[in-house]
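# Structure at a glance
Below are the chains, spelled out letter by letter.
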Amino acid sequence: MLFLSYIVSKQIDYYRKMKHLYFIFISIILSSGVSLRAQKNDLTRYVNTLQGTNSKHELTRGNTYPTTALPWGMNFWTPQTGENGSGWIYQHFKDSIRGFRQTHQCSSWTNDYSVFSLMPVTGQLEVNQFKRAAKFNHKNEIALPHYYKVTFDNKIKAEMSPTERGVHMRFSFPSKESYIVLDAYDRGSLVEIFPEERKIIGYSKNANFSVPEGFANYFVIVFDKPFKSYGVWNGKDGKVLPDQKMLEEDYVGAYIEFAKGSKVQAKVASSFISYEQAELNLKQELGNYKSLEQTKVAAQKAWNEQLNKVQVEGGTEDEKATFYSCFFRSMLFPRKFYEQDINGNPIYYSPYDGMVHDGLMYTDNGFWDTFRAQFPLNEILHPKFHNNYITSLITAYDQSGWLPSWSFPGHQGGMIGNHALSLIADAWVKGFRDYDPKKAMKAMFHEVTNKGPWGPANGRDGWKDYFTLGYLSYPDYDQSTAKTLEYCYDDWCAMQFASMTNQPFYEGLFKEQIYNYKNVFDPSVGFMRGRQNDGTWYPDFDPIEWGGPFTEGAAWHYVWSVFHDVKGLINLIGGDKAFVNKLDSVFSMPSDFKVGSYKRVIHEMAEMELINMGQYAHGNQPIQHMIYLYNYAGQPWKAQKWTRKVMADLYDSTPNGYPGDEDQGQTSAWYVISAMGLYSVCPGTTEYVIGSPVFPKMTINLENGKQLIIEAVNNNSENVYIQSASLNGTPFTRNFLHYDELMKGGVIKYVMGNTPATQRGILEEDKPYSLSKEVR
């Protein structure tokens, strides 16, 4: 571990330096009143889109890129420091950019699709991605949700502001030869130049295995200056073909030359439907904007409309920057995958059946990550969007025969579990019901009794053995214990949905599995562990050994994965006192690990060691709810203590701003909803478990026109413990609030102190939902 410790120590040194510099930068920006941010209640000034970009394969601090986009936009744009084809689009420690890229990447580990880029070049024409790259310094970079700007060392200035399906770019050249290079990427591409119209069209077909045959992204680029010269190039052999207007190969590009010292605007839009639709998207979204400043103002307004749904008061400027930077990232995925026809009606190319349909479609989300915090947050802040999204899950089933689990843009099926069941049940219990419950139930049943052709979460791996044995056996099934635990929870969600929608046959069927978590708990060691198909435990157990029967974790991380029956888990472990002791041990244990079946140090292990909080591995999802479980065992003040510590120590707005992968909004949403003092431990119930709010006052402007005010009197970094609480003036001691209580608006008032209130929230009726508690 000496080499790993060396890497970690270097990361810590860099982190401290960058954190200091970024907080100075933020303070200067916030105190300067920069004129371009003149909109009333402008909260974009707090957002740093560079948050989490100082990442690498071995150790991630977010695995993000400086996303320039509108909320849930169909296309994102970003500067690209990484090589074509690399999942690491932008790494903060690199010093050159090779293009400004359309991207849909939701994880470095899944890579990207429908990629093409533009790059300004001065002096000698260079089309090769390495030779055309230009050096830059971060002090000459501005990275906001609605506007990105960089001035290169060669004096070229590049700017861009987004629309939902396009981008407005501007390139200002020094008094030298001035080129723009289009890179349409490999795996099938086309470019065609129309000099008289100052236009380039093309397509890029790069995508993963999940898309239908014929999938393509069609783009249109219109410039505001005449072309001095032009040509195309072949990316395979690097051959440049001057004066040629069209090329279609595996990998092609184009270039345009403008007059020396030009300032050139480029309006770009793309479509998954056709060239004609791309032209229409450009006209609808950028046709009225003559200058980039107009596009920038519109994009800033769109972001402020969303960011102002939550207005905070008090706290430090650093806390506000962290909050709004995380809030921004929580509103990127899932993306809108629809466009608008000439009459303004939504239409879309389906990534499931390859046909064009009327209506709405969304994609790019992995539920293993996001069922935990992102969607419960959306239900509060963005209910209209959430309602449309849930309905689109049933549409995906209609078109493909499967519910999504990880769509990217079709059925990528990564990770484990059938968490569409969680999303659908959670939506129904909270009143999102714009779909046929019988069809939804049929889709759920199909999902758990079949294995699909895509990734491990497409359908249910090992479903016959799971129903027969009551668990998945190891080593017959990789990640078997983790899958058993998540299948068990998902089956409880399906049972709940069947019960709420009066479908007793399915209710009874799913009820058979809701206690299956007990089948992988070994009381002799006090942990979940791998179990063989003859019922015996897999030998040589070590709770710090990663992999094998677990997914990106160890037994210390998965023993808590009984979302729907924490009381039942408490009983297995030996009661409230033993349970609390085990929770405490997570933080008091050394941060040691064994690489297990991974046979190498994966980044999640390194991140757990880096944060130095024992076996608590906040950089990955399985344990992110664990802190809130103190509420179920009579010591809610420890949940208050540890949530505040995690938010204070593991998050900030800098390039090192996350303790691991940001994961499509999940890790950001964890911070946002936890900063409200809430968390949905068990989606599928109406309950949000209480933690400790970060700010003295938070006003949530609900879409129904009501306001929810969360007031925390005496709140600061020391006073993290709730002394008393009231809802609309009525005192309460329970450790949870219901969804409808939040959505009715009103005032949640806490009085905070610096010592635990050990007599508050300790009664049985104060504890949140557990299956065993309810059936007693």
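Residues numbered from 1 in each chain as written. Predicted model: local features only at pLDDT ≥ 70, side-chain atom pairs only at ≥ 80, totals over all residues. Heavy atoms only, no water.

### Observations concerning empty space enclosed by the protein
Going through the model one piece at a time under the given rule, you end up with seven cavities of 30 Å³ or more. Taken as a whole, the largest cavity spans an internal volume of roughly 150 Å³. As for the largest cavity, its lining consists of 17 residues, and the residues nearest its centre are Asn63, Thr64, Cys106, Glu662 and Gln664. When grouped by side-chain class, the residues that make up the lining of the largest cavity number five nonpolar, eight polar and four charged. (1 Å grid on protein atoms, 1.4 Å probe; cavity = no way out; pocket = protein on both sides within 12 Å on 5 of 7 lines; lining within 4 Å. Points joined across faces, edges and corners; volume = space filled by probe spheres on them. Nonpolar A, V, L, I, M, F, W, Y, C, P; charged D, E, K, R; others polar.)

### What to know about the sheet that holds strand β8 (residues 166–172)
Read across the open sheet, the 10 strands follow the order β2-β5-β6-β7-β8-β17-β12-β11-β10-β15; overall the sheet is antiparallel. The strands lining the two open edges of the sheet, one partner per strand, are β2 (96–97) and β15 (246–249). As paired elements, β8 and strand β17 (residues 263–271) share seven bridges and run antiparallel to each other. Following the sheet pairing, serine 172 is matched in β17 by lysine 263. Of the strands in this sheet, β8, β10 (189–194), β11 (199–204), β12 (217–223) and β17 are in contact with helix α2 (residues 275–286), which crosses β17 at around 125 degrees. Contacting β6 (147–152), β7 (157–162), β8 and β17, helix α3 (residues 292–307) runs over the sheet at an angle of about 45 degrees to β7. (Pairing = 2+ DSSP bridges. Helix = DSSP H or I, 4+ residues; strand = E, 2+ residues; numbered from the N terminus. Contact = heavy atoms within 4.5 Å. Axes fitted to C-alpha atoms, helices over the stretch in contact; angles between N-to-C directions.)

### Points about the nonpolar core
Counting residues in each nonpolar core, the largest one holds 215 residues, and the members touching the most others are Phe100, Phe323, Trp560, Tyr616 and Met676. When residues of this core are assigned to their parent elements, the largest contribution, 11 residues, is made by helix α11 (residues 480–500). Ignoring anything within four residues of it in the chain, the contact list for phenylalanine 323 reads Val310, Val312, Tyr671, Val672, Ala675, Phe695 and Met698. (Core = buried A, V, L, I, M, F, W, Y, C linked by side-chain atoms within 4.5 Å. Buried < 20%, exposed > 50% of the residue type's maximum accessible area, 1.4 Å probe, protein only.)

### Focus: the sheet that holds strand β30 (residues 697–701)
Spatially, six strands are ordered β18-β30-β31-β35-β32-β33 in an open sheet, and the strand pairing comes out mixed. With one partner strand each, in any of the chains shown, β18 (310–313) and β33 (730–731) form the two edges of the open sheet. As paired elements, strand β31 (residues 707–713) and strand β35 (residues 746–753) share six bridges and run parallel to each other. In the sheet register, valine 713 faces β35, and the bridge partner there is valine 751.

### A closer look at the packing of aromatic side chains
On inspection of all chains with the given rule, the structure shows 59 aromatic pairs. Between the aromatic rings of tryptophan 492 and tyrosine 769, the centroid separation amounts to 5.7 Å while the plane-to-plane angle is 45 degrees, which identifies the pairing as tilted. One end of the pair, tryptophan 492, is in helix α11; the other, tyrosine 769, is in the loop between β35 and α20 (771–775), with 277 residues separating them in the sequence. Given the relative accessible area of 14%, tyrosine 769 is considered buried. Arginine 372 extends its terminal NZ or CZ atom over the ring of tryptophan 368, reaching a point 5.1 Å from the ring centre. (Phe/Tyr/Trp six-rings, centres within 6.5 Å; stacked < 30°, edge-to-face > 60°. Lys NZ or Arg CZ within 6 Å of the ring centre and 35° of its normal.)

### Side note on the confidence of the model for the chain
In this model, the chain carries an average pLDDT of 95, and 94% of its residues clear a pLDDT of 70 or more. Low pLDDT, under 50, characterises residues 1–10; the predicted model gives this stretch nine contacts beyond four residues in sequence or across chains. Counted against residues more than four places away or in other chains, residues 23–38, with its pLDDT under 50, gives 18 contacts. (pLDDT = per-residue confidence, 0-100.)

### Quick notes on the side chain of asparagine 715
Considering the arrangement of structural elements, one finds asparagine 715 in the loop between β31 and β32 (721–727). Take asparagine 715: its relative accessible area is 9%, and that puts it in the buried class. At a separation of 3.0 Å, a polar atom in the side chain of asparagine 715 contacts the side chain of arginine 644. A polar contact of 3.3 Å, which involves the side chain of asparagine 715, links it to the backbone oxygen of phenylalanine 695. Ignoring any residue separated from it by four or fewer positions in sequence, one finds asparagine 715 in contact with Arg644, Pro693, Val694, Phe695, Pro696 and Met752. (Polar contact = N/O pair within 3.5 Å; in protein donor to acceptor, adjacent residues only side chain to side chain.)

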